[in-house]
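The lines below spell out each chain.
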Amino acid sequence: MPVFYCIFKNCHLNSFLSSLTSSRREAEDLINQRIHPQTIAEGWRLARKAARAILESSAIDNSSDEAKFREDLIRIASTTLSSKLLTYEKDYFANLAVDAVMRLRGSNNLDHIQVLKKPGGHLRDSYLEEGFLLDKKIGVGQPKRIENAKILLANTSMDTDKIKIYGSRVRVDSLNKVAEIEEAEKERMRQKCEKIIAHGCNVFINRQLIYNLPESIFTERGIMAIEHADFDGIERLAAVTGGEVVSTFDRPDLVTMGECDVIEEVMIGEDKVIRLGGCKSGEACSIVLRGASSHVLDEAERSLHDALCILTATVKEPRIICGGGCTEILMAQAIDREVESTPGKKALAMASFARALRQLPSIVADNGGYDSAELVTQLRAAHAAGKTTFGLDMYNGTIGDMRKLGVAESFKSKLCVLLSASEAAEMILRVDDIIKCAPRAREGY
């Protein structure tokens, strides 16, 4: 199971594990009936093919209409957040998550969405920053606000204003010689700073540390210097400002600098952060999470991350399906229709696959504290009557139209669960025996 967890952790893991468990139980019953595993696997493949066909035919694609596609994304985000800490503010955070994903402009790189957790206030005080926030400090004595910023992004060592001789021994006959070595190191750093200044930048952001000497040189020239932006931070800044990260400074004509309208220091709660407004590219963003404690913020971040993951997957594959167990019943009934025209023992395996699918809405109903047998039988009857968009209404303990209730899921995620769970169950079914090491003998027993 740990192997499957690593492979499929980006899918809806709970649905995957439930499907896998249901399929495994059905396989055990078939094996007890002396049906060969190869026959079971063949029947499952036929069932999986029928299930996939009906799943694809029931999917809806509104990507050509921007307004409808945004509504679909909000429904998916709200459905994802319904079982998490943010459920009481799910409408607010669903809109926030959709705005953040749409800000990526199709890149779908979640590393470009920065989440800043700041204790204090309420969850609803969280917001999506119009610009970009950097949780770092500006150098001492340097300007705290710069308009029409020209930003040079770098990943270079700025700490060579001290002696760094590794694996060597230097012998001197006076302290003056030591001072000369130190002065040579400082001169090299001054030359490096002059090359950086020659680029015409008024903001210098470095991934690594900036020591006292270069910081003082930038301060004298009126340049804002920001150090230790770390790898993720510097990559996000490159995406949001339109610049590129450089390590050498000999060819200013080949360097693309980032641009933004204003860089300033602002307060969020009790902390100071750096805000970049009016960025040139804007293919990254910052979400500020507020909450009463660090525990609330950590859980809110996990919940929001789940929504962001499913939204980016939906942007890549824009089709959606109805949730609430609707598609599971739909797929099960499609398989049952195929069973009627399938001869041999394969039909038994296909029927077991359909029963495994119907277990998923039963598990959902049980988790909600409702009578699963009553709800699932009502749901099957509704689908038999042609109400193919009906699913479980977990707020009222009844069945309802999922389109009207706004309960939606990503087609890509549901397809991943269907294929992954059935293939994993088939893999387990093919295991003939398990070889285990003998337990270690314990002393005194």
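Residues numbered from 1 in each chain as written. Predicted model: local features only at pLDDT ≥ 70, side-chain atom pairs only at ≥ 80, totals over all residues. Heavy atoms only, no water.

A. Fine view of the environment of R190. Along the chain, the position of R190 falls in helix α6 (residues 175–197). Residues R190 and S157 lie 33 residues apart in sequence; the distance between their C-alpha atoms is 13 Å. Residue contacts for R190: discarding those within four places in its chain leaves E183 and I217. (Helix = DSSP H or I, 4+ residues; strand = E, 2+ residues; numbered from the N terminus. Contact = heavy atoms within 4.5 Å.)

B. View of the sheet that holds strand β10 (residues 285–291). Sheet architecture is open: three strands sit in the order β1-β10-β2, paired in mixed fashion. Edge positions in the sheet fall to β1 (113–119) and β2 (127–129), since each has one partner strand and no second. Taken pair by pair, the neighbouring strands of this sheet meet at an average axis angle of 25 degrees, ignoring direction. Across three bridges, the pairing between β2 and β10 is antiparallel. The partner of L128 across the bridge, within β10, is I287. (Pairing = 2+ DSSP bridges. Axes fitted to C-alpha atoms, helices over the stretch in contact; angles between N-to-C directions.)

C. Here's a closer look at the packing of helix α11 (residues 346–367) against helix α12 (residues 372–384). At their nearest, the axes of α11 and α12 sit 9 Å apart, and the two run at 135 degrees to each other. Judged on the interaxial angle alone, α12 and α11 are oblique. The element α11 and its partner α12 pack so that their crossing is right-handed. Contacts between α11 and α12 involve R358, P361, S362, A365 and D366 from the first element and S372, L375, V376 and R380 from the second. (Parallel < 35°, antiparallel > 145°, perpendicular 65-115°, else oblique. Left-handed = near helix turned anticlockwise from the far one by under 90°.)

D. A look at the side chain of Q333. Position of Q333 relative to the elements: it lies in helix α10 (residues 326–339). The exposure class of Q333 is buried, given its relative accessible area of 17%. Apart from residues no more than four positions distant in its own chain, Q333 is found in contact with R380, H383 and A384. (Buried < 20%, exposed > 50% of the residue type's maximum accessible area, 1.4 Å probe, protein only.)

E. Structural detail: the environment of C285. Structurally, C285 is set in strand β10. Take C285: its relative accessible area is 0%, and that puts it in the buried class. C-alpha separation for the pair C285 and R236, spaced 49 residues apart in sequence, amounts to 8.2 Å. Beyond its immediate stretch of four places on either side in the chain, C285 contacts A100, R103, H112, I113, Q114, L128, G131 and F132.

F. Region of interest: the packing of α10 against α12. One can describe the packing of α10 onto α12 by two numbers: an axis separation of 10 Å at closest approach and a directional angle of 65 degrees. The hand of the α10/α12 crossing is right-handed. Taking contact as the criterion, the partners of C326, I329, L330 and Q333 in α10 are, on α12, V376, L379, R380, H383 and A384. The residue inventory of the contact of α10 with α12, partitioned by class, reads six nonpolar, two polar and one charged. (Nonpolar A, V, L, I, M, F, W, Y, C, P; charged D, E, K, R; others polar.)

G. How the structure looks around the packing of aromatic side chains. Counted under the stated rule, the structure contains two aromatic pairs. Where Y92 meets F93, the ring centres are 5.5 Å apart and the plane angle is 90 degrees; that geometry is what we call edge-to-face. By relative accessible area, Y92 is classed as partly exposed at 25%. Between the aromatic rings of F204 and F218, the centroid separation amounts to 5.2 Å while the plane-to-plane angle is 35 degrees, which identifies the pairing as tilted. Linking F204 in strand β5 (residues 203–206) with F218 in helix α7 (residues 212–220), this pair joins segments that are 14 residues apart in sequence. As far as the burial class goes, F204 and F218 line up, both buried. (Phe/Tyr/Trp six-rings, centres within 6.5 Å; stacked < 30°, edge-to-face > 60°.)

H. Structural context of unusual backbone geometry. Of note, the phi angle at N148 is positive, near 50 degrees, even though the residue is not glycine. As for its position among the elements, N148 is in strand β4 (residues 145–154). The exposure class assigned to N148 is exposed, which follows from its relative accessible area of 57%. For H228, which is not glycine, the phi torsion reads 55 degrees and is therefore positive. Tracing the sequence through the fold places H228 in the loop between β6 (224–226) and α8 (231–241). Take H228: its relative accessible area is 40%, and that puts it in the partly exposed class.

I. Structural detail: the confidence of the model for the protein chain. Of all residues in the protein chain, 91% attain a pLDDT of 70 or more, and the chain-wide mean is 85. When mean pLDDT is taken per element in the protein chain, β5 scores highest with 93 and helix α1 (residues 2–8) scores lowest with 30. Under a pLDDT of 50 for its full length, residues 1–13 has, in the predicted model, 17 contacts with residues more than four places off or in other chains. (pLDDT = per-residue confidence, 0-100.)

J. Structural detail: α12. Over its 13 residues, α12 runs 18 Å from end to end, which matches the ideal 18 Å to within 8%, given 1.5 Å per residue. S372, L375, V376, L379, A382 and H383 are the residues of α12 that are buried. The arc that holds every buried residue of α12, seen down its axis, measures 120 degrees, which confines them to one face. Of the residues in α12, the exposed ones pointing more than 90 degrees away from the buried face are A373 and A384. Turning to α12, the residues buried within the fold contact α10, α11, β12 (390–393) and β13 (398–401). Sitting at the amino-terminal end of α12 is D371, which places a side-chain oxygen 3.3 Å from the backbone nitrogen of A373. One or two steps after α12, the chain reaches G386, where phi turns positive at roughly 95 degrees. (Expected span 1.5 Å × (residues − 1). Arc of directions from axis to C-beta. Polar contact = N/O pair within 3.5 Å; in protein donor to acceptor, adjacent residues only side chain to side chain.)

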